[in-house]
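# A look at the structure
Listed below, chain by chain, are the residues.
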Amino acid sequence: MFALLLRFRRFLIPYRLRLAGALVALVLSVAADLAQPWPLKLVIDSVLGNHPLPASFPGWLREGSADARIASFCLALLAIAALGGLVTYLGTYWAQTTGQRMVFDIREAVHAHLHRLSLAYHHSQRPGDLASRLTSDVDRVQDVVIAVLVNFVTSVLTLLGILAIMLVVNWQFTLVALAFSPALFVAVYRYTNRIKLSSREWRRQEGRVAAALQESLGGIQVVQAYTREDYEFERFRREAAGSLEASIRATILQARFSPIVDFLAAGGTVVVVWVGAHEVLRGDLTLGLLIVFLSYVSALYRPMKQLSKLAYVVSRGTAAAERLEEVMRADAALPERPPRHRPRHVTGSVRFEDVSFTYPARSRPALRNVDLVAEPGQVVALVGRTGAGKSTIASLIPRFYDVSAGAVTIDDIDVRQWHLPALRNAIGLVLQDTWLFQTTVYENIAYGRPDASREEVEHAAREANVDEFAARLPEGYETLLGPRGATLSGGQRQRIAVARAMLRSAPILILDEPTTGLDRDSEQLVLDALRRLMAERTTILISHHDAPVLAADEVLVVDDGRIAQRTTRHADITAAPAARAAS
Ligand SMILES: Nc1ncnc2c1ncn2[C@@H]1O[C@H](COP(=O)(O)OP(=O)(O)OP(=O)(O)O)[C@@H](O)[C@H]1O
Ligand SMILES: [Mg+2]
């Protein structure tokens, strides 16, 4: 439990003052709780009974009238309650808000970390599961912070305080009163581990539910088109049922806890009443002290119960913390080799030197011994069968993945030595399947360069032939798109992607099927725009169509991860054996 706090200490340190304040306030509130039964004891013994007040009390009180003493003790009761209330409020408030701020900080940190992790990591994870880690798991860690502060600290202090006071007042009676507590601790101990395991399983199942939901909703069109709703219902049901089962198991264990604790507590009370009543009859104990003991004994079992509940919160939080740490520890971020190259000016020559690459978790290489040179301003086209490795080649340039062997260089510097943002800022990208965000057309284009002026964005839009359809959208450039741009046609989405890349005006341009989904006329329009764009840039162009490829300085035919054929400008690609690469 403290290990967990220690592991998350960097999120707690900023709030140490607040935490210290919470601790002090909670200690005071425990003191107020402990003081609570004493005025009553004094009333019973020194007003109703005939035990005089101890000498430590001021004379006016000892010799005062019964009324004066009753009034004083009642006032004391009120004062204790008021002070106790105030410090409890402050302690709870400070502890809770610290927890909430910490949630915010952890979320922010994990979110930022997730965005630094490489694509290899993200392709191995389910987004729904990651989402649940950032939401419910973070909450559970927060629960621990609050539970530890509020419940653990107050419970332990209360227990110790009660024990100390009882022992000082009457140690024999205390030992009798506590006869039941070992049994209680055994029960707590036995259940802790089982609850921990079952709650971990529950969290895991919840993650699967979120992931299943995310996947079926993400592909809702495919689901509906193939009328696989029943299958998806069944799949979701299975995951949800798994979660239900796990949660029931965890709940049963947790629910058994309280009755056992309550029963043992009743046993303790019975012992105190039995032994205490006899002692009072014999005159060995004052009635007031019996009342104090009774209230302490019942107060004693409450913190124990709190602690036993704490076991559940902590084990649940520990499981959640492990899931969060798994993400934070994931070190799939791309290593940058110093010195991190960060040039003021990028010329844009791209070179592949004997590059081989195997996707993580695959055994068969996707690329083998690829050599490629694109000088500044040149257009190198990659053509070839589907699955040949064209997109894979393109993805190595912005370091979506790192080569397995060989090297990719930009301006003769290994991309692994580049400052990563500098590298990616030098590259404009039109991916094969464009991702549009659920915002306006304008924002989607401006995503390529957030500091671009309105003129620049609209210029890029005109160049990419976006304005032709944007004008017909209900609110022009301010039209909100559906998720993933689902309210546009494929060709329209592609043109927005081209505009986005154009706006970036980076020295290197990667176009993966930029004219897919366009009709011949729009293709021409986009190609004109692209030609203008490609004029001053190094372009890696992937296309199945002839038209774009015609603009290329060199055409490489990719086949099964190798460069099967190279043809320079205007030569016939298929009938140029002389140009065949030595592969
Ligand atoms: N993220 C990935 N993880 C594992 N393997 C992958 C991944 N992406 C692609 N592959 C594999 O690498 C090979 C090359 O894929 P790539 O996407 O580069 O082909 P492509 O030439 O772009 O095809 P297309 O013309 O269909 O876009 C394929 O066999 C594919 O299955
Ligand atoms: Mg591809």
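Everything numeric in this text was worked out from a predicted model, so none of it was measured. One numbering rule holds for all chains: residues counted from 1, following each sequence as written. As a convention, the first chain written is A and the first ligand written is 1, with the rest following in written order. Where local features are concerned, this predicted model is filtered to residues with pLDDT of at least 70; where side-chain atom pairs are given and counted, the filter is 80 or more; whole-chain, interface and lining totals use all residues. Side-chain metrics rest on all non-hydrogen atoms present in the structure, leaving aside hydrogens and water.

### Digging into the site of ligand 1
Taken together, 15 residues form the shell around ligand 1, and within it Thr-386, Lys-390, Ser-391, Thr-392 and Gln-432 come nearest. Identification of polar contacts relies on pairs of N or O atoms within 3.5 Å, with a donor-acceptor requirement for protein atoms, meaning one able to donate a hydrogen and the other able to accept it, and with residues adjacent in sequence counted only if both atoms are side-chain atoms. Between Gly-389 and ligand 1, the recorded distance is 2.9 Å, taken from a backbone N or O atom to an oxygen atom. Between ligand 1 and Ser-391, the relevant distance is 2.7 Å, taken from an oxygen atom to a side-chain nitrogen or oxygen of the residue. Only the protein chains shown count as covering a residue, and every accessible area follows the Shrake-Rupley method with a 1.4 Å probe. Protein burial of ligand 1: of its 630 Å² of free accessible surface, 69% is covered by the chains. Element by element, the count of residues in the shell around ligand 1 is highest for helix α13 (residues 390-396), at three residues. Here the term charged refers only to Asp, Glu, Lys and Arg, the term nonpolar to Ala, Val, Leu, Ile, Met, Phe, Trp, Tyr, Cys and Pro, and the term polar to all other amino acids, Gly among them. Partitioning the shell around ligand 1 into residue classes produces four nonpolar, eight polar and three charged. The criterion for a residue being near a molecule or strand is simple. One of its heavy atoms has to lie within 4 Å of it. The numbering of helices and of strands both runs from the N terminus, where a helix is a DSSP run of H or I of at least 4 residues and a strand a run of E of at least 2.

### Topic: the environment of Val-144
Here Val-144 is to be found in helix α8 (residues 127-177). In the structure, Val-144 is positioned 236 residues away from Val-380 in sequence and 57 Å away in space, judged by C-alpha atoms. Among all residues touching Val-144, those that are not within four sequence positions of it are Leu-4, Val-313, Val-314 and Gly-317. When checking whether two residues touch, look at their non-hydrogen atoms; a contact exists if any pair is within 4.5 Å.

### Here's the deal with the sheet that holds strand β4 (residues 405-410)
Think of it this way: DSSP has to see at least two bridges between two strands before they count as a pair. Spatial strand order, β2-β1-β4-β5: four strands in an open sheet with antiparallel pairing. Here the strands that pair on one side only, and so sit at the sheet edges, are β2 (367-374) and β5 (413-414). As judged from the two bridges shared by β4 and β5, these two strands associate in the antiparallel manner. Residue pairing in the sheet places Ile-410 in a bridge with Ile-413 of β5.

### Comments concerning the packing of helix α6 (residues 66-116) against α8
Geometry is summarised by axes, namely lines fitted to C-alpha atoms with helices restricted to the contacting stretch, and by angles between N-to-C directions that run from 0 to 180 degrees. α8 packs onto α6 with a crossing angle of 150° between their chain directions and a minimal axis gap of 9 Å. When the axis of α6 is compared with that of α8, the two are roughly antiparallel. The element α6 and its partner α8 pack so that their crossing is right-handed. Of the residues in α8, those touching α6 at Ala-95, Gln-96, Gly-99, Gln-100, Met-102, Val-103, Ile-106, Arg-107, Val-110, His-111 and Leu-114 are Leu-130, Leu-134, Thr-135, Val-138, Asp-139, Val-141, Gln-142, Val-145, Ile-146, Leu-149 and Val-150. Every angle not falling under 35 degrees, over 145, or within 65 to 115 is termed oblique; those three ranges are roughly parallel, roughly antiparallel and roughly perpendicular. Crossing chirality is assigned from the near helix's rotation relative to the far helix, an anticlockwise turn below a right angle marking it left-handed and a clockwise turn marking it right-handed.

### Focus: the confidence of the model for the protein
Counting all residues, the mean pLDDT for the protein is 85, and 96% of those residues have values of 70 or more. pLDDT expresses, on a scale from 0 to 100, how confident the predictor is about each individual residue. Mean pLDDT across the elements of the protein bottoms out in helix α20 (residues 546-549) (72) and peaks in strand β1 (residues 350-357) (95).

### Notes on unusual backbone geometry
Trans peptide bonds make up the majority, and among non-glycine residues the majority have a negative phi. Positive phi, close to 50°, is recorded for Asn-369, a residue that is not glycine. Position of Asn-369 relative to the elements: it lies in strand β2. Classification of residues uses two cut-offs on accessible area relative to the type maximum, computed with a 1.4 Å probe and protein chains only: under 20% is buried, over 50% is exposed, and between them is partly exposed. Judged by its relative accessible area of 41%, Asn-369 falls in the partly exposed class. Non-glycine residue Ser-505 carries a positive phi angle of around 40°.

### Focus: the nonpolar core
One finds Phe-8, Ile-106, Val-110, Leu-114 and Val-141 to be the most contacted residues of the largest nonpolar core, which totals 58 residues. Every element with two or more residues in this core is listed here: α1 (2-7), α2 (9-12), α3 (16-35), α6, α8, α11 (229-282) and α12 (287-329). Residue contributions to this core peak at 17 residues, all from α12. If near-sequence neighbours (up to four positions away) are discounted, Val-141 is found in contact with Leu-4, Phe-8, Met-102, Ile-106, Gly-317, Ala-320, Ala-321 and Leu-324. Only buried Ala, Val, Leu, Ile, Met, Phe, Trp, Tyr and Cys residues count toward a nonpolar core, and they belong to the same one when joined by side-chain atoms within 4.5 Å. Grouped together as the second largest cluster of nonpolar side chains are 43 residues, Ala-501, Met-502, Val-526 and Leu-533 included.

### Side note on the side chain of Asn-170
Tracing the backbone shows Asn-170 in helix α8. If we ignore the near neighbours within four places in the chain, the residues touching Asn-170 are Glu-279, Leu-285 and Phe-293.

### As for helix α18 (residues 490-504)
In this analysis, the expected span of each helix is defined as 1.5 Å times one less than the number of residues it contains. With 15 residues, α18 should cover 21 Å at 1.5 Å per step; its first-to-last C-alpha distance of 22 Å lies within 8% of that length. For α18, the full list of buried residues reads Gly-491, Gln-492, Gln-494, Arg-495, Ile-496, Ala-497, Val-498, Ala-499, Arg-500, Ala-501, Met-502 and Leu-503. In this structure, the buried side of α18 is in contact with β6 (427-430), α15 (441-446), α16 (454-463), α17 (467-470), β7 (508-512) and α19 (520-534). Ser-505 lies just past α18 and shows a positive phi near 40°.

### What to know about the pattern of salt bridges
For this analysis, a salt bridge means a side-chain nitrogen from Lys or Arg found within 4 Å of a carboxyl oxygen belonging to Asp or Glu. Going through the model one piece at a time under the given rule, you end up with 29 salt bridges. A salt bridge links Arg-282 to Asp-284, with the nearest nitrogen and oxygen atoms 3.4 Å apart. Accessibility expressed as a relative area gives 56% for Arg-282, which makes it exposed. Here Arg-449 makes a salt bridge to Asp-451, at a shortest N to O gap of 4.0 Å. The exposure class of Asp-451 is exposed, given its relative accessible area of 62%.

### Topic: the packing of α18 against α19
Where α18 contacts α19, the axes come no closer than 11 Å and their chain directions differ by 10°. When the axes of α18 and α19 are compared, the pair comes out roughly parallel. In contact with Arg-495, Val-498 and Met-502 of α18, α19 contributes Ser-522, Val-526, Ala-529, Leu-530 and Leu-533. Per-class residue counts for the contact of α18 with α19 are six nonpolar, one polar and one charged.

### Quick notes on the environment of Asn-50
Mapping Asn-50 onto the fold places it in the loop between α4 (37-48) and α5 (59-63). Of the residues examined, Asn-50 reaches a relative accessible area of 69% and is grouped as exposed.

### Things to note about the domain arrangement of the protein
One widely used convention gives an interface's size as the accessible area the parts lose upon coming together. Residue ranges labeled as domains rest on an automatic or database domain assignment. Assigned domains of the protein: these are domain 1 (2-198 + 256-329) and domain 2 (350-579). Relative to domain 2, the C-alpha centre of domain 1 lies at a distance of 61 Å.

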